[in-house]
Amino acid sequence: VAHLWPLATKRDGVAWLDGNYVDCTWHNVFPQGAGFEFVDREWTWHQDIRLPVVVIRGIYCGLARTEGQPGISCQLARRSGRALITEIATGLGVTPGARDFDDFVELESGFQSVAFGVDKARYRAALGWFLTDRTSLKAFRTCRKFALRVRASAEARLGISLGGRS
């Protein structure tokens, strides 16, 4: 986060970053000499973004990449994604507020919609669920994957389409 502060501009006491830093996440930042280099700049956003929102997004992307992976610290197993992100961000010197989380949900759902064609409302709901109760979201996703496998198997065996959403 320290490398973001010099890039930010202050407006009304709030640090803002250019939309070019929307994808400034841990997997896109590498140590370079005494500083850091931001790589993988193919994604940009059409407006400036509050610095805490970029920090929330970076933490969220890191957590999402490690979700369900073996060997992850139990410290990252907190049920509330919002509480965990807040704790990590605060440890990095940024204290996100409710508006920052609301802005993150709007930014991320819009970004996923534009970049990958994901349904914005559906993604917004999933983000809200992640921020509220990661454990039940994970259980739901596990059950959904199982149900889709059962449906695919039944369709293959019966030679018919059962329809419905994927």
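The rules behind each value
Residues numbered from 1 in each chain as written. Predicted model: local features only at pLDDT ≥ 70, side-chain atom pairs only at ≥ 80, totals over all residues. Heavy atoms only, no water. Helix = DSSP H or I, 4+ residues; strand = E, 2+ residues; numbered from the N terminus. Buried < 20%, exposed > 50% of the residue type's maximum accessible area, 1.4 Å probe, protein only. Contact = heavy atoms within 4.5 Å. Areas by Shrake-Rupley, 256 points an atom, 1.4 Å probe, with all protein chains shown as cover. Lys, Arg positive; Asp, Glu negative; His and termini not counted. Charge placed at Lys NZ, Arg CZ, Asp CG, Glu CD. Axes fitted to C-alpha atoms, helices over the stretch in contact; angles between N-to-C directions. Left-handed = near helix turned anticlockwise from the far one by under 90°. Nonpolar A, V, L, I, M, F, W, Y, C, P; charged D, E, K, R; others polar. Pairing = 2+ DSSP bridges. Expected span 1.5 Å × (residues − 1). Arc of directions from axis to C-beta. pLDDT = per-residue confidence, 0-100. Parallel < 35°, antiparallel > 145°, perpendicular 65-115°, else oblique.

### Quick look at the overall build of the protein chain
Tallying secondary structure elements over the protein chain gives five helices and five strands in all. For the protein chain, the α and β elements follow one another from N to C terminus as β-β-β-β-β-α-α-α-α-α. Taken along its principal axes, the extent of the C-alpha atoms in the protein chain is 60 × 35 × 35 Å. Here the protein chain holds 166 residues, and 33% of them are scored as buried. Considering only contacts in the protein chain between residues 6 or more positions apart, those separated by 24 or more positions represent 58%. For the protein chain, the exposed area adds up to about 10000 Å²; of that, 57% sits on carbon and sulfur atoms. Taking the 22 positively charged and 17 negatively charged side chains of the protein chain as two groups, their mean positions are separated by 9 Å.

### Topic: the packing of helix α1 (residues 51-66) against helix α3 (residues 98-116)
The interhelical angle for the contact between α1 and α3, taken along N-to-C directions, is 65°, at an axis separation of 9 Å. The two elements α1 and α3 cross, and the hand of that crossing is right-handed. Seen from α1, the contacting residues are Pro52, Val53, Ile56, Arg57 and Tyr60; seen from α3, they are Asp100, Phe101, Asp103, Phe104, Leu107, Glu108, Phe111 and Gln112. Per-class residue counts for the contact of α1 with α3 are eight nonpolar, one polar and four charged.

### Some points on the pairing of strand β2 (residues 14-17)
Bridge count for strand β1 (residues 9-11) against β2 is three bridges, and the pairing is antiparallel. Across the sheet, the residue bridging to Arg11 is Val14, located in β2. In sequence, β1 turns back onto β2 through a hairpin of two residues, with Asp12 there showing a positive phi of about 55°.

### Here we look at the environment of Arg144
Position of Arg144 relative to the elements: it lies in helix α5 (residues 134-158). Separated by 85 residues in sequence, Arg144 and Ile59 have C-alpha atoms that sit 26 Å apart.

### What about α3?
Between its first and last C-alpha atoms α3 spans 27 Å; for 19 residues at 1.5 Å apiece the expected length is 27 Å, and the two agree. Regarding α3, the residues found buried are Asp100, Phe101, Phe104, Val105, Leu107, Glu108, Ser109, Gly110, Phe111, Gln112 and Ala115.

### Examining helix α2 (residues 81-91)
Here α2 has its buried residues at Gly81, Leu84, Ile85 and Ala89. All buried residues of α2 project into a common sector of 130° when viewed along the axis, lining one side. In the core, the buried residues of α2 are packed alongside α1, α3, α4 (120-132) and α5. Of the residues flanking the end of α2, it is Gly93, one or two places downstream, whose phi is positive at about 95°.

### Overview of the confidence of the model for the protein chain
Any segment with low pLDDT has predicted coordinates that should not be analysed in fine detail. When the pLDDT values of the protein chain are averaged, the result is 84; 92% of them are 70 or greater. No element of the protein chain has a lower mean pLDDT than strand β3 (residues 29-32), which averages 68, and none a higher one than α2, which averages 94.

### Remarks on the packing of α4 against α5
Contact geometry for α4 and α5: axes closest at 6 Å, N-to-C directions at 130°. By the angle class used here, α4 and α5 are oblique. The segment α4 lies against α5, with Arg122, Ala126, Trp129, Phe130 and Thr132 engaging Arg134, Ser136, Leu137, Phe140, Arg141 and Arg144. By residue class, the composition of the contact of α4 with α5 is five nonpolar, two polar and four charged.

### Structural notes on the environment of Glu37
Here Glu37 is to be found in strand β4 (residues 35-38). Taking the C-alpha atoms as reference, Glu37 lies 9.1 Å from His3; in sequence the two are 34 residues apart.

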